[in-house]
Amino acid sequence: MEPIHSYTDKKSYIDQIDPISKLLFAFVSIFITYLFSSIPITCFVLLISIVLLMVGRVLRKIVPLLAISFTLLLSIIIVQGLTHPTNEMPLLTLGTIVFYQEGLTFALLITLRVFNMLAAFGVLILTTKPDDLMESLMKQGMSPKISYVFLSVFQLIPQMRATLGKITDAQRSRGMETEGSLMIRIKAFFPLLGPAVLSSLNMTKERAIALEVRGFSSKGKKTFISEEKSYFYPKFVRCGLIILLIAAIVWRIVG
Amino acid sequence: MSKIRVEGLKYRYPDMDSLVLDDLSFEVEKGAFIGIVGENTAGKSTLCYALTGLVPHFFKGAYGGNVLIDNIDVKQSEISDVTSKAGLVFDQPFSQMTGSKTTVYEEIAFGLENSGVEREEMRIRIDNSLRLMDIEHLQNKNPYDLSGGQMQRVAIASVLAMKPDVIVLDEPTSQLDPQGSDEVFQVIAKLAESGITIIMAEHKLEKLAEYASKILLLHKGKQIAYGSPKEVFSRDDILEYGIAPPVYVRIAKALKLKNKAGFYPITLDGLKQQWNVGDE
């Protein structure tokens, strides 16, 4: 079975950056793509996230996720290309169907933003030990429960992938076709979603019980088994990101 | 003095009409190994939750009666206080992993961190648990890279590290192969010998017959019997409660090999002995 955990220590430069700085990077990077509705700027920000993923040696891990999101984004591209309110200039004609430049440009911006969102959070999740992230959030004053929920959201994707894999294997053994053309894969995908979601919900309930019996709700002071890590100039990195954010806002207002 | 006292325990889940536990009363001595048996929906898992305080603290609903551990009422205590006395291991090894830890060593530390145990003490307890469960060689592995059996041992080690007086296990071997099941039973029997009270809901009756000191038979939430494995598995009406008695009991029944007290042998050795007595 494929391992379901998202983090492995690659001992890269990105692993040396503290979790809060990486979280801040994810927010700043996403915020900038929404602050400027510009394809070149969004491309540039996405490029930075991709470079960071490359430096962190985790770019390959994010590719399947980008591919899955692209299949979902296809519907947005089609709808916007056909029906965006500002559509004027035809760009592509397929028989009687006309795709317009304005709609496709808008869809491209959305796609780039989603890709950047995934890549930026990928930098955080794929290069940060989950425990370190949780510990850092708790040290920033976040409650353990909220820190865990925050962490779980990101754990959910690899876990659901693993669950989906198991259910696919089970359905395949009962004769369902899951390999072949895109159509066959799409047909097989939707019946798997129900059991995958139900199974994940059940697992979440069981995990909540497991946490409860291991004192997660304990109101006393918590301790940590790991020694405190020293990161690469955390204050310097965070200040840099905040300055970048302020500069972007000022540029947007003034420019 | 009893370690656990259950008095007239009744419980109904919020979205259900009927009682899942209906007037259960029994006592468990320190260091005993109690097996809970019954068909599906008998109430075994719910009883495990009630013994660890999850019912009524985590699962709400209608609750009546008392569960006392060391004379302390579970209902009146904080759940974290109850779980420090009574740990729970359940059937799915995968769901028992926290998802926030990347090594087995850290996984075992999770409960201790929550309880605020100092780092040095944590290390001692983790090392002991690893040794007891014979998983020292796995300590640096990612919990999600382990097999089901290994994961289950990590789950038990995590509970053990909390130093509970009672360990409640809800079908801990249901996902394991025969060898994995054997290993888990052997470790648990060892824990019972060391003075930890064990309560285990289980369908593998041959194993319970071998290791348990007492059996609690449940049916539709009601307590049908509570006694020695020989006593419970020798009942003539046991099939009516959806329980196929251990294979040696069935053989002994077919051969009409009862002992003087009127019970059938429950193990192979017991069967052989009874056979020889019968011969004489």
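Residues numbered from 1 in each chain as written. Chains lettered and ligands numbered in written order. Predicted model: local features only at pLDDT ≥ 70, side-chain atom pairs only at ≥ 80, totals over all residues. Heavy atoms only, no water.

The name an unreviewed UniProt entry assigns to chain B is Cobalt ABC transporter ATP-binding protein, from the organism Oceanobacillus chungangensis. Under the UniProt heading Subcellular location (unreviewed entry), the entry covering chain B gives this text: "Cell membrane". Annotation of chain B in UniProt includes, under Sequence similarities (unreviewed entry), the sentence "Belongs to the ABC transporter superfamily." (UniProt positions renumbered as here; feature names shortened; annotations may be inferred.)

An unreviewed UniProt entry annotates chain A as Cobalt ABC transporter permease originating from Oceanobacillus chungangensis. Within the UniProt record for chain A, the comment given under Subcellular location (unreviewed entry) is "Membrane".

**Student:** Mind showing me how you'd approach the pairing of strand β1 (residues 90–94) of chain A here?
**Tutor:** For a regular strand, side-chain orientation follows a simple rule: the groups alternate between the two sheet faces. Residues and elements named next belong to chain A. Summarising the sheet, β1 and strand β2 (residues 97–100) pair through 4 bridges and their orientation is antiparallel. Residue pairing in the sheet places Pro 90 in a bridge with Tyr 100 of β2. In sequence, β1 turns back onto β2 through a hairpin of 2 residues, with Gly 95 there showing a positive phi of about 65°. (Pairing = 2+ DSSP bridges. Helix = DSSP H or I, 4+ residues; strand = E, 2+ residues; numbered from the N terminus.)

**Student:** Explanation requested: empty space enclosed by the protein in the structure shown.
**Tutor:** A water-sized probe rolled over the atoms picks out the places where empty space is left. A full pass over the atoms with the stated rule returns 4 cavities of 30 Å³ or more. Taken together, 13 residues make up the lining of the largest cavity; nearest its centre are Met 134, Met 138 and Phe 224 of chain A together with Glu 113 and Asn 114 of chain B. Elements that contribute at least two residues to the lining of the largest cavity include exactly α5 (130–139) of chain A together with α4 (104–114) of chain B. Looking at which element gives the most residues to the lining of the largest cavity, the answer is α5 of chain A, with 4 residues. The residue makeup of the lining of the largest cavity, split by class, is 6 nonpolar, 2 polar and 5 charged. (1 Å grid on protein atoms, 1.4 Å probe; cavity = no way out; pocket = protein on both sides within 12 Å on 5 of 7 lines; lining within 4 Å. Points joined across faces, edges and corners; volume = space filled by probe spheres on them. Nonpolar A, V, L, I, M, F, W, Y, C, P; charged D, E, K, R; others polar.)

**Student:** Before we go on, may I ask you to explain the side chain of Glu 212 of chain A in this structure?
**Tutor:** Mapped onto the elements of the fold, Glu 212 of chain A is located in helix α7 (residues 182–213). No salt bridge is formed by the buried Glu 212 of chain A. Its closest oppositely charged neighbour is Lys 145 of chain A, at 5.4 Å. When residues no more than four places from it in sequence are discounted, the contact partners of Glu 212 of chain A are Ser 217 of chain A together with Leu 54, Phe 58, Ile 79 and Thr 83 of chain B. (Buried < 20%, exposed > 50% of the residue type's maximum accessible area, 1.4 Å probe, protein only. Lys, Arg positive; Asp, Glu negative; His and termini not counted. Salt bridge = Lys/Arg side-chain N within 4 Å of Asp/Glu carboxyl O. Contact = heavy atoms within 4.5 Å.)

**Student:** Looking at this structure, I do not really get the packing of helix α2 (residues 39–55) of chain A against helix α4 (residues 101–126) of chain A. What am I missing?
**Tutor:** A pair of packed helices is captured by two measures, namely the crossing angle of their axes and the spacing between those axes. All names here are of chain A. Between α2 and α4, the least distance of the axes is 9 Å, while the angle of their chain directions is 25°. The angle between the axes of α2 and α4 places the two elements in the roughly parallel class. The way α2 lies across α4 gives a crossing that is left-handed. Residue-level contacts link Ile 39, Thr 42, Cys 43, Val 45, Leu 46, Ser 49, Leu 52 and Leu 53 of α2 to Thr 105, Leu 108, Leu 109, Leu 112, Arg 113, Phe 115, Asn 116, Ala 119, Ala 120, Gly 122, Val 123 and Leu 126 of α4. Considering only residue class, the contact of α2 with α4 consists of 14 nonpolar, 5 polar and 1 charged. (Axes fitted to C-alpha atoms, helices over the stretch in contact; angles between N-to-C directions. Parallel < 35°, antiparallel > 145°, perpendicular 65-115°, else oblique. Left-handed = near helix turned anticlockwise from the far one by under 90°.)

**Student:** Would you mind going over the UniProt feature "domain: ABC transporter" (unreviewed entry) in chain B with me for this structure?
**Tutor:** The UniProt record annotates "domain: ABC transporter" (unreviewed entry) at residues 4–245 of chain B. Annotated as 36% helix and 24% strand, the span residues 4–245 of chain B places its first and last C-alpha atoms 27 Å apart.

**Student:** Is there a simple way to think about the pattern of salt bridges in this case?
**Tutor:** Think of it this way: side chains of opposite charge can pair up when their charged atoms draw near. Residues and elements named next belong to chain B. Using the criterion set out here, one finds 17 salt bridges over all chains in the structure. Residue Lys 3 is joined to Asp 165 by a salt bridge in which the shortest nitrogen-to-oxygen separation is 3.2 Å. Taken as a pair, Lys 3 in strand β1 (residues 2–12) and Asp 165 in the loop between α6 (148–161) and β7 (166–170) lie far apart in primary sequence, 162 residues in all. A relative accessible area of 9% places Lys 3 in the buried class. Note on Asp 165: relative accessible area 30%, which makes it partly exposed. Where Arg 235 meets Asp 237, a salt bridge forms, and the shortest distance between an N and an O atom there is 2.9 Å.

**Student:** What am I meant to see in the interface of chain B and chain A here?
**Tutor:** Reports often express the size of an interface as the amount of accessible area lost when the parts come together. If you look at the interface, chain B gives 44 residues, while chain A gives 34 residues. Roughly 3,400 Å² is buried in total at the junction of chain B and chain A, and carbon and sulfur atoms are behind 57% of that figure. When the area that chain B buries against chain A is broken down by residue, the three leading residues are Phe 94, Asn 114 and Arg 119 of chain B, summing to 17%. Here Glu 106 of chain B and Lys 129 of chain A are joined by a salt bridge, their closest N and O atoms 2.6 Å apart. At the boundary of chain B and chain A, one finds 20 residue pairs in polar contact (both at pLDDT 80 or more). When residues of the side of chain B that touches chain A are traced back to their parent elements, those giving at least two are α3 (79–85), α4 and α5 (119–132) of chain B. With 10 residues, the top contributor of residues to the side of chain B that touches chain A is α4 of chain B. The class makeup of the residues in the side of chain B that touches chain A is 19 nonpolar, 15 polar and 10 charged. (Buried area = accessible area lost by both parts, 1.4 Å probe. Polar contact = N/O pair within 3.5 Å; in protein donor to acceptor, adjacent residues only side chain to side chain.)

**Student:** Can you help me understand helix α1 (residues 44–51) of chain B in this one?
**Tutor:** It helps to recall that an α-helix has 3.6 residues per turn; residues three or four apart then point in one direction. All names here are of chain B. For α1, the buried fraction is high: 7 of the 8 residues fall into the buried class. Those residues of α1 that sit buried are Lys 44, Thr 46, Leu 47, Cys 48, Tyr 49, Ala 50 and Leu 51. Following α1 by one or two positions, Gly 53 adopts a phi angle in the positive range, close to 85°.

**Student:** Help me understand the UniProt feature "transmembrane region" (unreviewed entry) in chain A, please; the structure alone is not making it clear to me.
**Tutor:** Residue and element names in this part refer to chain A. Those residues carrying the UniProt feature "transmembrane region" (unreviewed entry) are residues 23–55, 62–83, 103–126 and 236–254 in this numbering. Taken as a whole, residues 23–55 contains 91% helix and 0% strand, while its terminal C-alpha atoms sit 17 Å from one another. End C-alpha atoms of residues 62–83 are separated by 31 Å, and the span's content is 100% helix alongside 0% strand.

**Student:** Help me understand the domain arrangement of chain B, please; the structure alone is not making it clear to me.
**Tutor:** Residue and element names in this part refer to chain B. For chain B, the assigned domains are domain 1 (2–245) and domain 2 (246–280). Taking only C-alpha atoms, the centre of domain 1 and the centre of domain 2 are 31 Å apart. Contact residues are listed per partner, giving 14 residues for domain 1 and 10 residues for domain 2. Taken over both partners, the interface formed by domain 1 and domain 2 buries close to 1,100 Å², and the fraction arising from carbon and sulfur atoms is 66%. For the domain 1 face of the interface with domain 2, the top three residues by lost area are Lys 230, Ser 234 and Pro 245, together amounting to 48%. Summed over the shared surface of domain 1 and domain 2, the number is 4 residue pairs in polar contact (both at pLDDT 80 or more). Across the side of domain 1 that touches domain 2, the residue classes break down as 7 nonpolar, 1 polar and 6 charged. (Domains from an automatic or database assignment.)

**Student:** Got a minute to help me understand a nonpolar patch on the surface in this structure?
**Tutor:** Residues and elements named next belong to chain A. On the surface, Phe 70, Leu 74, Ile 78, Leu 82, Leu 91, Leu 92, Leu 94 and Ile 97 cluster together to form a nonpolar patch covering roughly 680 Å² of accessible area. Put simply, the parts of the chain that give the nonpolar patch at least two residues each are α3 (59–83) and β1. Take the nonpolar patch: its biggest share by element is 4 residues, from α3. Looking at the element boundaries, Leu 94 is found in strand β1. (Patch = residues over 30% accessible without salt bridge, like charges linked within 9 Å, V, L, I, M, F, W, Y side chains within 5 Å. Areas by Shrake-Rupley, 256 points an atom, 1.4 Å probe, with all protein chains shown as cover.)

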